[in-house]
Every structure is written in structure tokens, then in C-alpha cells.
Amino acid sequence: MSAALWAAMACAGAAAWLTAGHERGLRRARRLFAGSGAAPGAPPWELWLPRARAWAGGLRGEWLCLPVAVTLAVAGESVLPLIGGALAVPVVGRRLRARERRTARERRADGVVALCGSAAAELRAGLQPVQALLAAAGSTGGLGAGEAAVLAAARFGGDVPGALRQAAREPGADGLVGLAACWRVAVDGGAGLATGLDRLEAALRAERDQRQGLRAQLAGAWSTVVVLALLPVLGLAMGWAMGAAPLRVLLHTPAGLGCLLAGGLLEGAGLWWAARIVRTGEAP
């Protein structure tokens, strides 16, 4: 049993290493594929090794649940950890995707702030509004996926405010609605576009700073949620260190299975409630 446990732990470590090297594996695979195959007379493994590395580099973080589940299954001599690990993969994947979307949304919001500041600076340097928008978009990338439509409208006399409002539908690009309003007022009423962009940049920057400050204040609450989530794991580790074989009790006795089910439900409910409280505090 000890040999099987060590083998499972080695597999888990290898899977974690491969998953952590996601981007590195992809870049290495691209370089290997760029040569259009192995050299004549090369060993067979040089033909499939790039494909294996590309596949390993494509693993996402949620698949780390499976090596952990395999380790627990071997240690506890039960299939229940494998079932739990398989069920945890889509849940963890959904959480990771949500975090990636939030990061992309914040990156786009920062790009809009940079776009407004850069465009205002270009206008004060003497460029026309269209030229300033083109220069600012090229240096900051603040228009996101709608950059092509906005720049085409600016170059060929199209509806720039309409294109900006269309680009503002992308998550995190709400500030482009303000840029569209400033552009409309400057074109129709002759108002100073640079002044409007300065005010818009200040408002967007203040909103971002407020959001970051609130997140810093809630960091302690999130730490509490993480500690609560890890307490059962710590208890199992302490029981294992004392020689109580907690996994055998939990996975092979009726009382242990009942405690495992009740504890899992209570743990999930507690984490959901704590996370809900923190998210309510994060909401604007």
C-alpha cells in the first residue's frame, strides 16, 4: 500500500508541475512545431513528444483536483474521493473562469482610463481629435475588441460615438460611453474635448481606486473564508499524525460516512454563506 501511495503522490506532483507550466509548455510546443516536424531518421518519440507537451500545457488548473482525489483514494482505499474529485472539476473550473473574466474586465477598465488620459495629452500636443484618438488607441489598446470599428469610423468619417457605444458593451469598457458623450458634445457643440476627457479620466480613476480600496478592506474577510475552508483539512491531518486513521473511519464506517456527508453539507453551506456576505460588501 505504501508503494501505491508513493506512486500516486508522484503522479499528482507530475500533474501539478505540468499544469503549472501551462504557458511555458505552449510556447515550447509552438517552437517545436515551427520546424515542421522532426529531422529525417529521428527517434519515434521526437514525433509525438511535441504533441504530448502541447496537450500537457493545455491542462487547466481545475484538473489538479484529480491528482489530489487519486492520492486520497489510495490513502483511504476508497473510490469516494475519486467521485468527489470528478465532481469538483467543473465547480473549480467555473470559479477559475469567473476569476479570469473579472481580471479581463478590470484590465479593460484600466485600458479605458489610459485611453482617456493619452487622448487628452495628444489633444494638448496639437493633434486633431481623430488623430488623437488613433494615437491613443494604438498606444494603450483601450478600445478592446471594438478597436477596429471605432478606428474605421474615425478614419472614414463614420459615427464615432456610435462605434464607441458599441465597443462599450464589452465587459469592463463602460467608460467608453462617457468618451462617446464627450466626443458628441465636442463635435456638435464645439466644447473642449481635452477638458471633458480629463474629467472622465478623473472620474474613472476615482471609481477604480474606490473599488481597489474596498477590495483591500475585504481581504481580511476573504482570508477568514479560506481559513474556515481549510480547518477540516487541518483536523484530518492532525488525526492522521496522531495515528487515528481518519480517512479509514470516514470512508469505511457508517458513522464516518454520515459524519462525512453532514460535515460536507455544513462546510459547503458555511462557505457559501460567508462568500455571499463578502460579495454583498463588494457590490457597488
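Above this text sits the structure in question.
Reading the values: rules and limits
Residues numbered from 1 in each chain as written. Predicted model: local features only at pLDDT ≥ 70, side-chain atom pairs only at ≥ 80, totals over all residues. Heavy atoms only, no water. Phe/Tyr/Trp six-rings, centres within 6.5 Å; stacked < 30°, edge-to-face > 60°. Salt bridge = Lys/Arg side-chain N within 4 Å of Asp/Glu carboxyl O. Helix = DSSP H or I, 4+ residues; strand = E, 2+ residues; numbered from the N terminus. Buried < 20%, exposed > 50% of the residue type's maximum accessible area, 1.4 Å probe, protein only. Patch = residues over 30% accessible without salt bridge, like charges linked within 9 Å, V, L, I, M, F, W, Y side chains within 5 Å. Areas by Shrake-Rupley, 256 points an atom, 1.4 Å probe, with all protein chains shown as cover. Core = buried A, V, L, I, M, F, W, Y, C linked by side-chain atoms within 4.5 Å. Contact = heavy atoms within 4.5 Å.

S.K.: Looking at this structure, how should I read the packing of aromatic side chains?
M.R.: Two aromatic rings are characterised by how far apart their centres lie and by the angle between their planes. Tallied over the full model, the rule gives one aromatic pair. Considering the side-chain rings of Trp272 and Trp273, the 6.0 Å spacing of their centres and the 45 degrees angle between planes classify their relative orientation as tilted.

S.K.: Looking at this structure, how should I read the pattern of salt bridges?
M.R.: Charged atoms that come close allow side chains of opposite charge to pair. Applying the stated criterion across every chain, the model contains eight salt bridges. In this structure, the salt-bridge partner of Arg208 is Asp110, at a minimum N-O distance of 3.3 Å. Note that Arg208 is positioned in helix H10 (residues 193-217) and Asp110 in helix H5 (residues 80-124), a separation of 98 residues in sequence. A relative accessible area of 16% places Arg208 in the buried class. The shortest N-O distance in the salt bridge between Asp198 and Arg124 comes to 2.2 Å. One end of the pair, Asp198, is in helix H10; the other, Arg124, is in helix H5, with 74 residues separating them in the sequence. Taking relative accessible area as the criterion, Asp198 reaches 25% and is therefore assigned partly exposed. Residue classification places Arg124 among the exposed residues on the basis of a relative accessible area of 54%.

S.K.: So what exactly am I meant to see when it comes to a nonpolar patch on the surface here?
M.R.: Residues Val70, Val79, Leu80, Leu82, Ile83, Leu87, Leu257 and Leu260 make up a contiguous nonpolar surface patch of about 640 Å² in total accessible area. At the level of secondary structure, the elements contributing two or more residues to the nonpolar patch comprise H5 and helix H13 (254-282). Top contributing element to the nonpolar patch by residue count: H5, with four residues. For Leu87, the location among the structural elements is in helix H5. The exposed category is assigned to Leu87, whose relative accessible area is 60%.

S.K.: Teacher, can you tell me more about the nonpolar core here?
M.R.: The nonpolar side chains of soluble globular proteins are, as a tendency, buried together. Residues Leu143, Leu164, Leu176 and Leu197 are the most contacted members of the largest nonpolar core, which totals 33 residues. For this core, the secondary-structure elements that each account for two or more residues are H5, helix H6 (129-140), helix H7 (147-155), helix H8 (160-167), helix H9 (175-189) and H10. When residues in this core are grouped by element, the largest group, seven residues, is from H5. Setting aside residues up to four positions removed in sequence, Leu197 forms contacts with Cys116, Ala119, Ala120, Leu123, Leu179 and Cys182.

S.K.: Help me understand the environment of Trp222, please; the structure alone is not making it clear to me.
M.R.: As for its placement among the helices and strands, Trp222 is situated in helix H11 (residues 219-241). The spacing of Trp222 and Val278 is 56 residues in sequence and 7.2 Å in space, taken between C-alpha atoms.

S.K.: Would you mind going over unusual backbone geometry with me for this structure?
M.R.: Working note: non-glycine residues mostly have negative phi, and peptide bonds are mostly trans. Despite not being glycine, Ala245 has its phi angle at roughly 50 degrees, a positive value. Residue placement: Ala245 occurs in the loop between H11 and helix H12 (246-252).

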